[in-house]
Amino acid sequence: MARTRSTTAVKAALRERVKELTCLYSMAQHSADPARTLDAVLDNIARSLPAAWRFPGAARGRIELDGRRFESPDFDACAVTQEAAIRIRGRLRGRVCVGYRPGGRTGRIRAFLPEEQRLLDEAARQLSLIVERREVQAEQEAIRARLHQADRLATIGQMASGMAHELNEPLGSILGFAQLIGKTKRLPPQARADLRKIEAAALHARDIIRKLMLFARGGSGCRARVDLNRLIEEAASLWTIRGEEEHVRTVCELDPAQPAIWADPGQMKQVLVNLAVNAIQAMPDGGTLRIATRRDGAWTEMTVSDSGGGIPEATKPRLFDPFFTTKEVNEGVGLGLSVVHGIVAGHGGTIGVERSPAGGALFRV
Ligand code: ADP
């Protein structure tokens, strides 16, 4: 009799152990699939956790991470719950809980076993590792993408700079000789009109070359101590009237504790104007253009954001390429952001684009 009882106990313990191992194995399996997003992994784990508890039919699971919740249906109806903290790199980021719904035939409230708390602690530890691994992977991918982008833009920059230099000289000759011919007296009116067109076209080409040079080596300029907040306020007056005509409100959220930066004020204004004009063009039905400054350790951060339609993911990798534009022929040539990139890089800074809280584009310099 005693032997039978002990065999039953051993079998029950083994069953519990198998359930625990199955639970941890299924967590590892869920997370190992790189095609699944972290949210999908957490959702799956939250729903599958209860299977390892003593009363799986009544148990429900929930994972909370950074305020987001992943859970099996009816978790809120649970009468008793147990939980374990999810800490990632020493920081408390959330928790994992298992609860029992009241009810069943007896309507009694079920209790947890000590080994179930141990399993939950282990599940929390595994979850921390899963989240940390995914975050490290995402950071590495972002760094790789940034390096690739910087490399590509540097190569295009070298090409653009070479072309700009080669074209600058013949263009100067075209412009110079056109102006010389223009000084000839008794030039037929048609020839004079044609000359003006040559001059205008040459000036337009020179402007493009100037922008290409800025893209390729935006750093060469005249540096001085610049009060960025003041410069933003001054620059904003350049587009405020145009913005208001288009029902675009400009809002500046400037950190007063901002120290002066070492920069070329003219080029910095150009960065702002280019970003602001794009933002205004992105809000044809009006909206808000927001410019903010912030101190971030040794860095000064400026963001320019809008409430327009945003930038499609597929477009982002080509955004700073010279001549990339999605606008009509007369609206843009696709050099605005290239110039911005050149100037920012020349100042030792970085620029990135993300989705603004208002759903539009946010450029972070
Ligand atoms: P352009 O304005 O002449 O097209 P840019 O280099 O300034 O050249 O911009 C390149 C492209 O980036 C634009 O054609 C547009 O598709 C996209 N873009 C830039 N800024 C924004 C913005 N704030 N919102 C949406 N799209 C933008």
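The rules we used
- Residues numbered from 1 in each chain as written.
- Predicted model: local features only at pLDDT ≥ 70, side-chain atom pairs only at ≥ 80, totals over all residues.
- Heavy atoms only, no water.
- Phe/Tyr/Trp six-rings, centres within 6.5 Å; stacked < 30°, edge-to-face > 60°.
- Helix = DSSP H or I, 4+ residues; strand = E, 2+ residues; numbered from the N terminus.
- Expected span 1.5 Å × (residues − 1).
- Buried < 20%, exposed > 50% of the residue type's maximum accessible area, 1.4 Å probe, protein only.
- Polar contact = N/O pair within 3.5 Å; in protein donor to acceptor, adjacent residues only side chain to side chain.
- Pairing = 2+ DSSP bridges.
- Salt bridge = Lys/Arg side-chain N within 4 Å of Asp/Glu carboxyl O.
- Patch = residues over 30% accessible without salt bridge, like charges linked within 9 Å, V, L, I, M, F, W, Y side chains within 5 Å.
- Areas by Shrake-Rupley, 256 points an atom, 1.4 Å probe, with all protein chains shown as cover.
- Axes fitted to C-alpha atoms, helices over the stretch in contact; angles between N-to-C directions.
- Contact = heavy atoms within 4.5 Å.
- Near = heavy atom within 4 Å.
- Nonpolar A, V, L, I, M, F, W, Y, C, P; charged D, E, K, R; others polar.

## Notes on the packing of aromatic side chains
Argument step 1. Scanning the model with the defined rule gives 2 aromatic pairs in all.
Argument step 2. With 5.7 Å between their ring centres and 65 degrees between their planes, Phe-55 and Tyr-100 make a pair best called edge-to-face. Of this pair, Phe-55 sits in the loop between helix 2 (38-48) and strand 1 (59-65) while Tyr-100 sits in strand 4 (residues 91-100), and the two are 45 residues apart along the sequence.
Argument step 3. Relative to Phe-112, the ring of Tyr-100 lies with its centre 5.0 Å away and its plane at 15 degrees, an arrangement referred to as stacked. Residue Tyr-100 is located in strand 4, and its partner Phe-112 is located in the loop between strand 4 and helix 3 (114-182); the two are separated by 12 residues in the primary sequence.

## A short note on helix 6 (residues 265-281)
Argument step 1. The first and last C-alpha atoms of helix 6 sit 24 Å apart over 17 residues, in line with the 24 Å expected at 1.5 Å per residue.
Argument step 2. Every buried residue belonging to helix 6 is among Gln-267, Met-268, Gln-270, Val-271, Leu-272, Asn-274, Leu-275, Ala-276, Ala-279 and Ile-280, and all of these are buried.
Argument step 3. The opening residue of helix 6, the one whose side-chain oxygen lies 2.9 Å from the backbone nitrogen of Gly-266, is Asp-264.

## Some details on the pairing of strand 4
Argument step 1. Among the 10 residues that make up strand 4, 7 are buried, leaving the element largely enclosed by the rest of the structure.
Argument step 2. Where strand 3 (residues 80-88) and strand 4 come together, 9 bridges link them in antiparallel fashion. When the bridges of strand 4 are listed, Ile-88 appears paired with Arg-91.
Argument step 3. Connecting strand 3 to the antiparallel partner strand 4 that follows it, the hairpin turn spans 2 residues, and Arg-89 within it adopts a positive phi of roughly 45 degrees.

## Examining the pattern of salt bridges
Argument step 1. Taken as a whole and judged by the stated rule, the model has 28 salt bridges.
Argument step 2. The shortest N-O distance in the salt bridge between Arg-69 and Glu-64 comes to 3.7 Å.
Argument step 3. Classification of Arg-69 by relative accessible area gives partly exposed; the value is 49%.
Argument step 4. Ionic pairing is found between Glu-122 and Arg-125, a salt bridge with its closest N-O pair at 3.3 Å. Placement of both Glu-122 and Arg-125 in helix 3 is noted, with a separation of 3 residues, approximately one turn of the helix.

## A few points about a nonpolar patch on the surface
Argument step 1. Together, Met-159, Met-163 and Leu-167 make up a nonpolar patch on the protein surface, roughly 310 Å² of accessible area in all.
Argument step 2. Within the secondary structure, Leu-167 is located in helix 3.
Argument step 3. By relative accessible area, which is 44% here, Leu-167 ends up partly exposed.

## Some words on the sheet that holds strand 2 (residues 68-71)
Argument step 1. Within the open sheet, the 4 strands sit side by side as 2-1-4-3. Their pairing is antiparallel. Strands at the two margins of the open sheet, each flanked by one partner only, are strand 2 and strand 3. On average, each strand axis in the sheet is inclined to that of its neighbour by 20 degrees, with strand direction left out of account.
Argument step 2. In this structure, strand 1 lies alongside strand 2, joined through 4 bridges in antiparallel fashion. Note on strand 2: the bridge partner recorded for Glu-64 is Arg-69.
Argument step 3. Against the sheet, helix 2 engages strand 1 and strand 2, with an angle of about 45 degrees to strand 2.
Argument step 4. Across the sheet, helix 3 is in contact with strand 1, strand 3 and strand 4; its angle to strand 3 comes to roughly 35 degrees.

## Brief notes about the site of the ligand
Argument step 1. The ligand sits among 19 residues. The nearest are Asn-278, Asp-306, Thr-325, Thr-326 and Lys-327.
Argument step 2. A distance of 2.8 Å separates a nitrogen atom of the ligand from a polar atom in the side chain of Asp-306.
Argument step 3. At 2.8 Å, a backbone N or O of Leu-337 approaches an oxygen atom of the ligand.
Argument step 4. When the free accessible area of the ligand is taken as 540 Å², the share hidden by the protein chains comes to 91%.
Argument step 5. Sorting the residues of the shell around the ligand by element identifies helix 6, helix 7 (336-346) and strand 11 (361-364) as the ones contributing at least two each.
Argument step 6. Tallied by class, the residues present in the shell around the ligand amount to 10 nonpolar, 7 polar and 2 charged.

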